[in-house]
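Given next are the chains, with one letter for each unit.
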Amino acid sequence: QVQLVESGGGLVQAGGSLRLSCAASGRTFSAYGMGWFRQAPGKEREFVSAISRSGTTYYVDSVKGRFTISRENEKNTVYLQMNSLKPEDTAVYYCAASLLVVPQTAGGVRTWGQGTQVTVSS
């Protein structure tokens, strides 16, 4: 089982950009579908984006055209490039890993990172 550590969160003005990184331990990273979820105060954790082992990508409609997910298996790392950020993107962002499948529902994820805060000011 992998362990996940996120980085790259912070405070940014609306319209700005951030890149989140998620570094995974272990030698089987390429066997995992990887994803990003977010949770705003008082709300449930929601799917944001995911990438399969073969590189197929998935996005929630609200971030399509603004966010890009990618992975570097050689570095055991998945990224989330976030552009044109909006105040409603403010949340704690969590990296997720699912063995052999793409993580698209929070209830189905077994492995989470600790989360990184993203705050977008208006």
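Residues numbered from 1 in each chain as written. Predicted model: local features only at pLDDT ≥ 70, side-chain atom pairs only at ≥ 80, totals over all residues. Heavy atoms only, no water.

Engineer: With reference to specific residues and values, describe the overall build of the protein chain.
Structural biologist: Counting its regular elements, the protein chain contains 0 helices and 11 strands. Counting from the amino terminus, the protein chain carries its helices and strands in the arrangement β-β-β-β-β-β-β-β-β-β-β. Relative to a compact globule of 122 residues, whose C-alpha radius of gyration would be 14 Å, the protein chain shows 13 Å and is just as compact. Across the 122 residues that make up the protein chain, the buried fraction comes to 43%. Counted over contacts in the protein chain with a minimum sequence separation of 6, partners at least 24 positions apart contribute 60%. (Helix = DSSP H or I, 4+ residues; strand = E, 2+ residues; numbered from the N terminus. Rg over C-alpha atoms; globule rule 2.2 N^0.38 Å. Buried < 20%, exposed > 50% of the residue type's maximum accessible area, 1.4 Å probe, protein only. Contact = heavy atoms within 4.5 Å.)

Engineer: Tell me about the state of the cysteines, and please be specific about residues and values.
Structural biologist: Within this structure, the stated rule accounts for 1 disulfide. A sulfur-sulfur distance of 2.1 Å marks the disulfide that ties Cys 22 to Cys 95. Because the torsion about its S-S bond is -85°, the bridge between Cys 22 and Cys 95 counts as left-handed. Of this pair, Cys 22 sits in strand 3 (residues 18-24) while Cys 95 sits in strand 9 (residues 91-99), and the two are 73 residues apart along the sequence. The exposure class assigned to Cys 95 is buried, which follows from its relative accessible area of 0%. (Disulfide = S-S within 2.5 Å.)

Engineer: So what's going on with the environment of Asn 83? Residues and values would help.
Structural biologist: Along the polypeptide, Asn 83 turns up in the loop between strand 8 (77-82) and strand 9. Residues Asn 83 and Thr 28, 55 residues apart in the sequence, show an inter-C-alpha distance of 30 Å. If we skip the residues at most four places from it in the chain, Asn 83 touches Gly 16, Ser 17, Arg 66 and Phe 67.

Engineer: Explain unusual backbone geometry residue by residue, including any values.
Structural biologist: Unlike most non-glycine residues, Asn 76 shows phi in positive territory, near 50°. Secondary-structure assignment places Asn 76 in the loop between strand 7 (67-72) and strand 8. Judged by relative accessible area, Asn 76 falls into the buried class, the value being 18%. Phi at Ser 84 is positive, roughly 50°, even though this residue is not glycine.

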